[in-house]
Amino acid sequence: MPERTFTESFKVAGEQLVDAVKKIIHEGNVRRVIIKHDAHTVAEFPLTVGVIGAVLAPVLAAVAALAAVLKECTIEVERVETTPDK
């Protein structure tokens, strides 16, 4: 099956960052999460299919540290959509 990659972005307040990233990761079709402040990339986390539990702990710890510093940021999410063969 061919894959289609697309990107979405949205702004969040710093205190909402951890919850937003957790929600994005749990959606399951995420390839990469990029956190930006203004136009600068602050952090980029590549995610693989099946990443769960203890493997996410360092990612969420880093996101929590960023949330403590940033008042507002943009999250860019690279998603993968599998399209059925015709």
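Residues numbered from 1 in each chain as written. Predicted model: local features only at pLDDT ≥ 70, side-chain atom pairs only at ≥ 80, totals over all residues. Heavy atoms only, no water.

Engineer: Quick question: what am I supposed to make of the pattern of salt bridges here?
Structural biologist: Any two side chains of opposite charge can pair, so long as their charged atoms come close to each other. Considering all chains together, one arrives at seven salt bridges under this definition. Across the pair Arg32 and Glu44 runs a salt bridge, and its minimum N-O distance is 2.7 Å. Taken together, the positions of Arg32 in strand β2 (residues 30-37) and Glu44 in strand β3 (residues 40-46) put the pair twelve residues apart, joining distant regions of the chain. Owing to a relative accessible area of 24%, Arg32 belongs among the partly exposed residues under this scheme. For Glu44, a relative accessible area of 41% gives the class partly exposed. Taking the shortest distance from any N to any O, the salt bridge between Arg32 and Glu78 comes out at 3.6 Å. Residue Arg32 is located in strand β2, and its partner Glu78 is located in strand β4 (residues 72-82); the two are separated by 46 residues in the primary sequence. Salt bridges here are not isolated pairs; linked through shared partners, they connect Arg32, Glu44 and Glu78. (Salt bridge = Lys/Arg side-chain N within 4 Å of Asp/Glu carboxyl O. Helix = DSSP H or I, 4+ residues; strand = E, 2+ residues; numbered from the N terminus. Buried < 20%, exposed > 50% of the residue type's maximum accessible area, 1.4 Å probe, protein only.)

Engineer: What am I meant to see in helix α2 (residues 57-69) here?
Structural biologist: Quick reminder: α-helices carry 3.6 residues per turn. Residues three or four places apart thus point the same way. Taking 1.5 Å of rise per residue, the 13 residues of α2 would be expected to cover 18 Å, and the 19 Å separating its terminal C-alpha atoms lies within 8% of that figure. Among the residues of α2, those classed as buried are Val59, Val63, Leu66 and Ala67. Across the axial projection of α2, the buried residues extend over an arc of 105°, all falling on one side. What points out from α2, more than 90 degrees from its buried face, is the exposed set Pro58, Ala68 and Val69. Lining the buried residues of α2 we find α1 (17-27), β2 and β3. (Expected span 1.5 Å × (residues − 1). Arc of directions from axis to C-beta. Contact = heavy atoms within 4.5 Å.)

Keep in mind these numbers describe shape, not what the thing actually does.
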